[in-house]
Each structure stands twice: as C-alpha cells, then as structure tokens.
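# Structural description and commentary
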Amino acid sequence: MDKPAQKKLLVIDIAALGSNVASKLGGFFFQNATSAFPAVTCVAQADFRTATPAGAHGLVSNGLFFPNLRKVLFWEQAAALVQGPRIWDKFRARGGKVGMMFWQQSLGESVDMVLSPAPIHKHSGGMIQDCYSEPRGLYGRIAKKVRRNFNLMHYWGPLASRKSSDWIVAATCALMSEPDAPGLLLTYIPHLDYDLQRHGPDSPQAHKALDVLAGYLGKLQKAAADGGYEWLIFGDYAIEPVTKGAVFPNRALREAGLFATRNIKGMAYADFFSNPAFAIVDHQAAHVHTNGPEALAKAKDVLQKLDGVAAVLDREQQRAIGVDHEHGGDLLLVAAEGAWFAYPWWTDKKEAPDYATHVDIHNKPGYDPCELFFGWPPPSVSMDTTRIHGTHGRGGAGSPIVWASSLTLDRPIKTFLDLAAATKSWLDA
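To start, this report covers the structure provided alongside it.

Analysis parameters
Residues numbered from 1 in each chain as written. Predicted model: local features only at pLDDT ≥ 70, side-chain atom pairs only at ≥ 80, totals over all residues. Heavy atoms only, no water. Axes fitted to C-alpha atoms, helices over the stretch in contact; angles between N-to-C directions. Helix = DSSP H or I, 4+ residues; strand = E, 2+ residues; numbered from the N terminus. Contact = heavy atoms within 4.5 Å. Nonpolar A, V, L, I, M, F, W, Y, C, P; charged D, E, K, R; others polar. Phe/Tyr/Trp six-rings, centres within 6.5 Å; stacked < 30°, edge-to-face > 60°. Buried < 20%, exposed > 50% of the residue type's maximum accessible area, 1.4 Å probe, protein only. Pairing = 2+ DSSP bridges.

### Overview of the packing of helix α2 (residues 41–50) against helix α12 (residues 416–428)
With their axes 7 Å apart at the nearest point, α2 and α12 run at an angle of 35° to one another. Facing α2, whose interface residues are Ala-44, Asp-47 and Phe-48, α12 presents Phe-416, Leu-417, Leu-419, Ala-420 and Thr-423. Classifying every residue of the contact of α2 with α12 gives six nonpolar, one polar and one charged.

### Concerning the packing of aromatic side chains
The geometry of an aromatic ring pair comes down to the distance between the two centres and the angle between the two planes. Inspection of the entire model under this criterion finds 22 aromatic pairs. Judged by centre distance (6.1 Å) and plane angle (90°), the ring pair of Phe-28 and Trp-231 falls under edge-to-face. One end of the pair, Phe-28, is in the loop between α1 (19–22) and β2 (31–33); the other, Trp-231, is in strand β11 (residues 230–235), with 203 residues separating them in the sequence. For the pair formed by Phe-28 and Trp-231, the shared burial category is buried.

### Thoughts on the sheet that holds strand β18 (residues 309–313)
Read from one edge of the open sheet, four strands run β16-β17-β19-β18, paired in antiparallel fashion. On the outer flanks of this sheet lie β16 (277–282) and β18, each paired with one strand and no other. If you compare each strand with its neighbour and ignore which way they point, the axes differ by 20° on average. Here strand β17 (residues 285–290) pairs with strand β19 (residues 331–335) via four bridges, running antiparallel. Paired with Ala-286 across the strands is Leu-333, a residue of β19.

Dropping the structure here:
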C-alpha cells in the first residue's frame, strides 16, 4: 500500500511587512492580525514556533540580561533560549522533515536542516564570514547552486541591502528543489526592514523595496508550486514613522544616580555588577532590571516622567498581557507612538564606549539602528539617532501585521498567535 504523500509547507517571514505598507504590494489577499508583543524579530519568531506568548517561551526581547553572568547579550542563537514544545513536533514524529533558513535561535533546534549566519570574529580584528549548517555540507551545497557565498555585510550594518534577500531567496528556491528537501521549510526575507528604518515606511526607498519584495514572492511561489509546497507568508512586525525621535532611559537613570559606570580611559562603560537599575532597549520596548525594591520604586518614578514613554508595566501588568518571564525586566517600558528607545547613557561623545562607533550587535547592551549608517570617518558607524525614520515594537491593534496563505485554516485569525496555532493544527492533521 502506498504511503500517503507528506505535507509540504513553505513559511516566509518578511521583516517589517505591516498592513501600512502591504497595501502597496499587489497580487496577494493579505489579512490583518495583531502582532506579537513586543513586536520584534526574536519574540515574533519564538511566538510562531511555539504558538505561545513571550511569558511562556522566554524570548522577551532580541536581547536578554543573564543575571548569573551580569551580562546583556543580544542576538544569541541557541535554540534552547526558546522554551516549550514546537508546532512541528508531531509532524516530525510522523517522519516529516523541518528546515530553518536564517531564523533566529535556530542553532541546535529540533529540526533536520539549519542554515544561519555564523561568522568567526578574529582576535586581531575583522571576521571570517561563514554560515552554520546542519547537515554540515548543506551550506557549501547551496552556495554552489546559488554560485556565491552569503555576504554578512549585506545582512546588517551600513551596507545592509536587498543583496541579503537576493541570496536567501535563491537559496530557499534551491533547497526546495533538492531531493531531500524538508517538508516544512521556514525562511526569512530581511531587506524591507532596512530602508523602512532608514527612511520611513512612506519613503520612495520603502516603495522600491516593496517592488523588489513582490519579485521575490513571485519566485518563491513558483518554486513552491514546482516542489509541491503550500505557502504561508507573514510579517513579523509593522514599522511606523519616527515623529518624536529617540528616548534615552539610561541617561535618565544615570542622572538619577541609578546607572553606574566604569571610567576606562575616559570612556564610560556600564557596570552591570553594581548597577541599581538599567534599561535593555529594543526598538519601542525596554526591559528595566533593578537590584531591589528601593531602586525599583525610584526607577519607576523617573521613567514614568520621561517624555516619550507611553507605559511603564510592572510584573503584574506584564503577566496580565502574557509577557512576564524571569528573563524580562522588573519594568517593561513601551514607547509613545513615533518614539523609540536608544541605549546610550552618555551625552558627551568622549564618554562613548569603543563599541559605540562599530557594528557590534552582541556587545552593545541595546539594539542600535544607527548601525545602518556610516559615521565619520568610515568605516565607523553613526551615533546620530536623528537619522532613524522608522521604528517598531509597540505592536497592538494600531500596528497590525499581515498574512496570506494557500492553506485553508481551521479558525479565524485575529492575532499572530492564532496564525501559529492554526499552522500547528494544519501540520498535526
């Protein structure tokens, strides 16, 4: 008796595809859904793979504070940081294969194929570009089909551009044509995010990036059809225009005597061993960690008065919306519409730590969109927060993401978690 055909699904996560820009992207019947919260990459991708909110899976931000280490680490890639069962567990248990391309926290994930940037940073400076792959030879095989290696410089930093998406889309199409292609393949298209942050969602550059995206989706749909795949497209957050500019919670905490620094050759480095309070900023959300009730009360009072802060959520308030977790802060700041949180605690450029003028996504204790611009002299990066014209993270009904699919789903989709749960049901059936 013939075995039933294995289900095949291509999942395409598009950075920054919100309803405010999707209307300019013809050819798809997009529907709105309330985004993940905080509406940032790692949270959204963890929400989708577990069909649970941040309070359950623990990825409360793109960066986390590790109390035992007294360190803030952004963009760590271990899959174990995402807690809980995966939506594909039953699918794999029945023999289905799963692949992840350029998703965050994919290293060591319970899947069959992984492809993710994993450069080696040299002690002498610079880096050796490479991608992690599972199985080991996958990256070389795909790069040979695409006829070039992946260039990390196009994925983030001042040179970030559509060239990163070019490679990922070509690699995704190549993988779907392989004899051992996974039945569930999750991929990622990043380039729209860059120009929406640089120039804003209503800019000519944003419109051009959307035109490019339309071409990618056409290629992916054709490759999916050729490979017998259904498809699901979604945005992980919506970018809104910056109208109020950057907000600096760590400056406010430092001025209040709550943020401690170490003076190293005139540079002010954060002292996370003795800091009474500090904010881990991530676009329009910031987790504030404190060292006791007195510091907590004082920090809350200081930050509630800070212009550009729309809400200061304590643990109980975070729990009420499903985002309270031990990885999170004692307080969670939400920016006002049109504002975003910047990590610097200094006002004098002479105090800026060495990493401030470099692309250094792991060591900066906060997300830094200024890395999208060159500073002076190149190749340093900018510290001018006024150059940022698009931001995200507040999420909610006012900033919906969009989705479209060839699937018939078993429930109405009102939220991003509904979409994850419906995908799980489809895979399980």
